[in-house]
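Analysis of the macromolecular model
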Amino acid sequence: MKQQYFSDSEWVTLLQSPTQAILAVILADKTDPVSFLKEMQAAFQILAAELQRQDISSDLIKAMIASINDAIGQSPLQGEDLLLQQQFELIKRIQAFSSVSDGQNQVVEHFKQVKDILLNKVPIVQAEEFKQWILELATQVAKAVKEEGIWGIGGERVSRQESGALSTLEKTLTFR
């Protein structure tokens, strides 16, 4: 599948989905600054690994990964510098929200648009593959840093709030 099946704005919306999934998880918890930064760093490392996967069978996801990698390849920054830039860009976006709930609502609205795009442009099988890929990415991010522990002791892999964010994401992307 190539981008030609989508308008430019639809394609941009789809390409923003991995970062929006990261945002959904990061906004779920009110956490200390150190944990926030650790989770964000882990999130972009997870995303970087996803963009290198060779075992993806979905044509849509392959096309998205290729497009994202092309954009990354045009960046003058690479490696750790690129990851830092991505993290700073996400922090700027978070700062632009009037509140956490405003950010969460914008993420939900984004995925409602994604759902509409996919329902109108691709077979349900490809829409479901996309949903599973986004949910897997978001779940990996949610599991990346223990929540509510003290100095990494105790806590849980996925907090109640993160679990709620994952559930909201899944419900928003339910195609049937």
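Residues numbered from 1 in each chain as written. Predicted model: local features only at pLDDT ≥ 70, side-chain atom pairs only at ≥ 80, totals over all residues. Heavy atoms only, no water.

**What to know about the environment of Leu90**
Here is the rule: For the purposes of this entry, the term helix denotes a DSSP run of H or I that reaches at least four residues, the term strand denotes a run of E that reaches at least two, and both are numbered from the N terminus. Think of it in three bands: with a 1.4 Å probe and only protein chains considered, a residue is buried below 20% of the maximum accessible area for its type, exposed above 50%, and partly exposed in between. By definition in these notes, contact holds between two residues if any of their heavy atoms fall within 4.5 Å.
By secondary structure assignment, the location of Leu90 is in helix α5 (residues 79–96). What makes Leu90 buried here is its relative accessible area of 1%. Separated by 71 residues in sequence, Leu90 and Thr19 have C-alpha atoms that sit 8.2 Å apart. When sequence neighbours within four positions are dropped, the list of residues in contact with Leu90 reads Thr19, Ile22, Leu23, Ile26, Met40 and Phe44.

**Things to note about the nonpolar core**
Cut-off, in case you're wondering: Working definition of a nonpolar core: buried Ala, Val, Leu, Ile, Met, Phe, Trp, Tyr and Cys residues. They are joined through side-chain atoms within 4.5 Å.
Judged by nonpolar contacts, the single largest core of 49 residues is most densely connected at Leu14 and Leu118. Elements represented by at least two residues in this core include exactly α1 (8–15), α2 (17–26), α3 (33–50), α4 (59–73), α5, α6 (100–121), α7 (124–144) and α8 (160–172). With nine residues, the single largest contributor to this core is α7. Apart from the residues lying within four places of it in its own chain, the contact partners of Leu14 are Phe6, Leu60, Met64, Val114, Ile117, Leu118 and Phe130.

**Observations concerning α1**
Because an α-helix completes one turn every 3.6 residues, residues spaced three or four positions apart along the sequence face the same direction. What counts, and what does not: Directions pointing from the helix axis toward each C-beta atom define the arc.
Of the positions making up α1, those classed as buried are Glu10, Trp11, Thr13 and Leu14. Angular distribution of buried residues about the axis of α1 spans 160°; they occupy a single face of the element. With respect to the buried face of α1, the exposed residues turned more than 90 degrees away are Asp8 and Ser9.

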